[in-house]
Each structure stands twice: as C-alpha cells, then as structure tokens.
Amino acid sequence: MSANERSTRALREILLKPGNDACADCGAPDPNWGSCTLGVFICLACSGIHRNIPDVSKVKSLSLSRWEDHEVQFMAENGNELMKSKYEAAVPVYYYKPTHKDCQVLREQWIRAKYERKEFCEPGGRFTYEEGTRDGMLLKRGRDNGQFLSRRFVLSEREGTLKYFTKYDAKEPKAVIKVDTINATFQPEKIGNPNGLQITYLKDYSTRNVFVYHDSGKEIVDWFNSIRAVQLHYLKVAFPGATDAELVPKLTRNFLKEGYMEKTGPRQTEGFKKRWFTLDHRRLMYFKDPLDAFAKGEVFLGNRDHGYSASPGLPAGTHCNGAWQYGVTIQTPDRCFLFTCESEGDQQDWLKHFNDVMSAQMSPQEYTMEALFKHRP
C-alpha cells in the first residue's frame, strides 16, 4: 500500500468520529476536504472560502491531495467537535450561523469571523453587533427608478427603530421602521449583487420592501446581525418568560418559497395575471415585480382547523385564460384564492409549503395577526 493510500484510509477512519461527518462550517453532509492547519473537515464550497485566507487555513482534498503523516495525525487529534468548542465557544445566541443552503457572503463572513478574526473564542467578548446603535451608509434601491443610491441608515436599540435618510445630514428620516416588524433576508440573485439584503417590514398592516447592499461583505453581514441583536433585546422585553430557543426563530428568517404564479381577482372572472409570490410563514404576498417596494396584496394562511385549506386544481367552471394550467386553490374563511403554476413540480412544491404552514399550530401572536388581516381597510 502506498503512503497516499495509507493516509487516505486513515482520513476515512477519522471521518467516522462524531461530528466529522458534516462540514464544520455549514453542516453540509459528507465533507471531502480538510484544513490541515485548523484540524476541521469541510465541504467543497467552504474549502473555497478557506483558500481565500491562506495565512489561517491550508486546505487539502481528502482523496486527491498528498497528506503528510503529521497532518493526518493533527486531524486525528483535533476534528470538528473539538475545534467547534474552541472557535465557537462564545457565539452570541442571536448570531446567524449559516447552513449549506445559505448564500456565499453569509458563509464567508461566518468562516472569517471564526478563524480569521477569532471573534467567538473568548467568553465575555464585546461584539460590534451589540453596541446598541449602528450608523452608516448603504446603497438602497430607489422605489421608482430602480437605481441604487447611497443612503444613511441608523439602527437604535433604545428607540427600537431602523431609520433611513435620503441625505447624510437630513434632519428628518425618509422612513422609521420598527424593529419588531422587520424581516431581513439575503437575496443576492434577486437584487443582482452578492451582498444584496432585502429588508421587509410592516407599515399600516401592509408589507414594504427595502433592497440594499454594501460593497463590503463584512459590513452588510454586521448590519444583519446587529438587526438580529436588537430584535432579540425587544423580544426578551416583550416575552420575559420565553427561552432563547423560543425567541431565536422569531428573528430574521428566510422565506419559505418565492416564485411566479398567475392569479385571478376576487370575482374569479378577471384574467389570470403573472405575479411574483413570496411566502413568509403565514403571509403569502404577491408583487407585480420581484423588486417592488409594496406588495399588491397579501393572504393570511391560518390553521386548517379554522377553515383554511390548499388543494390542487381550480373549481369546476373556472375560466382559465392564462398561459399556465397547473391550478392551486386556497380557501380561507373569507374567500377563495385561485392561482396557476407553470409546471406540475412547481404546483406540488407550493402546495407542500401551504399545507405545512396550515398544519402548524398558531401562536397567540399569529391569532392577533389573523385578526388584523380580517379588519384591514
């Protein structure tokens, strides 16, 4: 057996240790790369990020690279669990740990924060996300012209708001957004920038979108985690008896699904029109364009025991004049909504998400939201 075959076999055995079967950084299954300087097993995507910090991490393929005996020994002595206990010893509870499904900028800044900046090694450290206020310039997409222009944003824990100003020295903000209504989610493809962040919030019971980015990946991820830190502070005040495990899922969250469907109006005699749909847990919003500032409409998806249902197809006799033929019917206590999808696969995927949401028990806050939807002007 050659030295290379011996090291490959030894690495395969080390991979069997608990924790080594998933990427140390994003949790992707079956990592096939390793950092021989950090002692962690990682996936191909994360290995590319490690390669950008060569002073910190030297990566090798488990099967294609030549491993020295001392490097194999180092991997055996360390591994993912031990290194997590070192590099993730003091990750704040609100800090978003990305998974393999998240975008590049989130994963890169997580890896750099852990190994390059060593932010989480020492308990009791002071984090930039916890300073109570954040003030800086972000490039914001104009509501009407679609151009990205520099705007001043100010996040305040004391006021519980995120404000933005059209000019740096403007006295009055263009918008005052309450942090407890914010959802922030990275949308690089939709926004057309790798650091693109969508900030969604409620105003007068309707959804507004703000699309921003920063040229610095660190800066935009710092804004994202600062928003989460302020939100957690407010949730702890609002729900003093709740645990961190109960509150953290209420911070920023990825949308369950987005994409195009066609829809008809409330009389169901109007033509089917193509709209961009976003499912944010119990709120199904639709827009004329994916980058619209305002939702054209919203549907609240309650629990199936209270008169909500989603089923394939359209009611008999529906005049379907759209281009798409795969129907979806959503029934609420107040009315019936009709949509069509481009493909059967898309139809089934939307239905799965709708039915998952409708099967979940509703929280007291969701009952309040349902009541607000029913009494909206």
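Cut-off values and rules
- Every chain's residues receive numbers from 1 upward, in the order its sequence appears when written.
- The predicted nature of this model means local features are confined to residues of pLDDT at least 70 and side-chain atom pairs, given and counted, to a pLDDT of 80 or more, with totals for whole chains, interfaces and linings taken over all residues.
- Note that water and hydrogens are dropped before the side-chain values are worked out from all heavy atoms of the structure.
- A pair of strands is considered paired only if DSSP assigns at least 2 bridges between the two.
- The numbering of helices and of strands both runs from the N terminus, where a helix is a DSSP run of H or I of at least 4 residues and a strand a run of E of at least 2.
- The axes are straight lines fitted to the C-alpha atoms, using for helices just the contacting stretch, and the angles between their N-to-C directions are given from 0 to 180°.
- Throughout, a contact is declared for two residues whenever any of their heavy atoms are within 4.5 Å.
- Segment limits for the domains were obtained from an automatic or database-derived domain assignment.
- Salt bridges are identified by distance alone: a Lys or Arg side-chain nitrogen within 4 Å of an Asp or Glu carboxyl oxygen.
- The definition of a polar contact used here is a pair of N or O atoms within 3.5 Å, where within protein one atom must be able to donate a hydrogen and the other to accept one, and adjacent residues in sequence count solely through side-chain atom pairs.
- All residues other than Ala, Val, Leu, Ile, Met, Phe, Trp, Tyr, Cys, Pro, Asp, Glu, Lys and Arg, Gly among them, are scored as polar; the first ten of these are nonpolar and the last four charged.
- UniProt positions are given in the numbering used here, feature names are shortened, and annotations may be inferred rather than shown by experiment.
- Stacked, tilted and edge-to-face are the three classes applied to pairs of Phe, Tyr and Trp rings, where Trp contributes its six-membered ring and a pair requires centres within 6.5 Å; stacked means planes under 30 degrees apart, edge-to-face means over 60, and tilted covers the rest.
- Relative accessibility thresholds used throughout: buried, under 20% of the residue-type maximum; exposed, over 50%; partly exposed, between the two (1.4 Å probe, protein chains only).
- Orientation is classified from the angle alone, with under 35 degrees giving roughly parallel, over 145 giving roughly antiparallel, 65 to 115 giving roughly perpendicular, and any other angle giving oblique.
- Any helix carries an expected span of 1.5 Å times its number of residues minus one.

### Observations concerning the sheet that holds strand β11 (residues 257–263)
Here we have seven strands laid out as an open sheet, ordered β14-β13-β12-β11-β17-β16-β15, and antiparallel in their pairing. In the strand order of this sheet, the two ends are held by β14 (297–300) and β15 (309–312), each with one partner. Within the sheet, the average angular offset between the axes of one strand and its neighbour, ignoring direction, is 35°. Packed onto the sheet, helix α9 (residues 344–359) meets β11, β12 (273–280), β13 (283–287), β15, β16 (326–331) and β17 (336–341) and runs at close to 110° relative to β11. Strands in contact with helix α10 (residues 364–374) are β13 and β14; relative to β14, the strand with the most contacts, it is inclined by about 135°.

### Let's talk about the side chain of K263
Positionally, K263 belongs in strand β11. Sequence-distant contacts of K263, defined by excluding residues within four places in its chain, comprise G271, F272, K273, R275, F277, Y286, L338 and F339.

### Brief notes about the domain arrangement of the protein
Examined at the domain level, the protein breaks down into domain 1 (3–116), domain 2 (133–250) and domain 3 (257–375). The straight-line distance from the C-alpha centre of domain 1 to that of domain 2 is 32 Å. Facing eight residues of domain 1, the contacting portion of domain 2 comprises 15 residues. Taken together, domain 1 and domain 2 are joined by zero salt bridges. Linking domain 1 to domain 2 there are two residue pairs in polar contact (both at pLDDT 80 or more). A breakdown of the residues in the side of domain 1 that touches domain 2 according to their chemical character gives seven nonpolar, one polar and no charged.

### Notes on the UniProt feature "domain: Arf-GAP" (unreviewed entry) in the protein
The feature "domain: Arf-GAP" (unreviewed entry), as annotated in UniProt, sits at residues 5–135 in this numbering. Segment residues 5–135 splits into 37% helix and 9% strand. End C-alpha atoms: 55 Å apart.

### A few points about the packing of aromatic side chains
Summed over all chains, the structure comprises 19 aromatic pairs. Between Y94 and Y129 the ring centres are 6.4 Å apart and the planes differ by 75°, which places this aromatic pair in the edge-to-face class. Separated by 35 residues along the polypeptide, Y94 in the loop between α4 (80–87) and α5 (104–116) and Y129 in the loop between α5 and β4 (133–141) bring together distant segments of the chain. Across this residue pair, the class does not change: Y94 and Y129 are buried. With centroids separated by 6.5 Å and ring planes inclined at 75°, the aromatic side chains of F153 and W223 adopt a geometry described as edge-to-face. One end of the pair, F153, is in strand β5 (residues 148–156); the other, W223, is in helix α7 (residues 217–238), with 70 residues separating them in the sequence. Counting every residue linked through ring pairs, the aromatic cluster contains Y94, Y95, W110, F120, F127 and Y129.

### Quick look at the UniProt feature "domain: PH" (unreviewed entry) in the protein
Sequence positions flagged by UniProt for "domain: PH" (unreviewed entry) are, in local numbering, residues 131–232 and 254–359. Along residues 131–232, the helical share is 20% and the strand share 45%, with 14 Å between the first and last C-alpha atoms.

### Overview of the pattern of salt bridges
Pairing between side chains becomes possible if they bear opposite charge and their charged atoms approach one another. One pass over the full model with this rule turns up 23 salt bridges. The partner of K114 in a salt bridge is E88, and the shortest N-O contact between them spans 2.8 Å. Taken together, the positions of K114 in helix α5 and E88 in the loop between α4 and α5 put the pair 26 residues apart, joining distant regions of the chain. Among the residues examined, E88 registers a relative accessible area of 15% and is labelled buried. Salt-bridge contacts for D244 lead to K236; the nearest nitrogen and oxygen are separated by 2.7 Å. Each of D25, E88, K97 and K114 takes part in a single network of salt bridges with overlapping partners.

### Looking at the packing of α5 against α7
At a minimum axis separation of 10 Å, α5 and α7 run at an interaxial angle of 90°. With respect to α7, the axis of α5 lies roughly perpendicular. Along the contact surface, α5 presents V105, L106 and Q109, while α7 presents G217, K218, I220, V221 and F224. Partitioning the contact of α5 with α7 into residue classes produces five nonpolar, two polar and one charged.

### A word on α7
The end-to-end C-alpha distance of α7, which contains 22 residues, comes to 32 Å, matching closely the 32 Å that a straight helix rising 1.5 Å per residue would cover. N-cap assignment for α7: the residue whose side-chain oxygen lies 3.3 Å from the backbone N of K218 is S216.

### Considerations on the sheet that holds strand β2 (residues 40–42)
Here three strands make up an open sheet; going across it, the order is β2-β1-β3 and the pairing antiparallel. Edge strands, defined here as strands with exactly one partner in the open sheet, are β2 and β3 (59–61). The mean angle between the axes of side-by-side strands here comes to 30°, regardless of whether they run parallel or antiparallel. As defined by bridge partners, strand β1 (residues 33–35) adjoins β3 across three bridges and the pair is classed as antiparallel. For G34, the partnering residue across the bridge sits in β3 and is K60. Here helix α2 (residues 44–51) sits on the sheet in contact with β1, β2 and β3, set at roughly 120° to β2.

### Brief notes about the pairing of β17
Within β17, six of the six residues are buried, which leaves the element mostly enclosed by the surrounding structure. The alternating pattern of β17 places C336, L338 and T340 and F337, F339 and C341 on opposite faces, both of which are buried. The pairing of β11 with β17 spans two bridges and is antiparallel. When the bridges of β17 are listed, K263 appears paired with F339.

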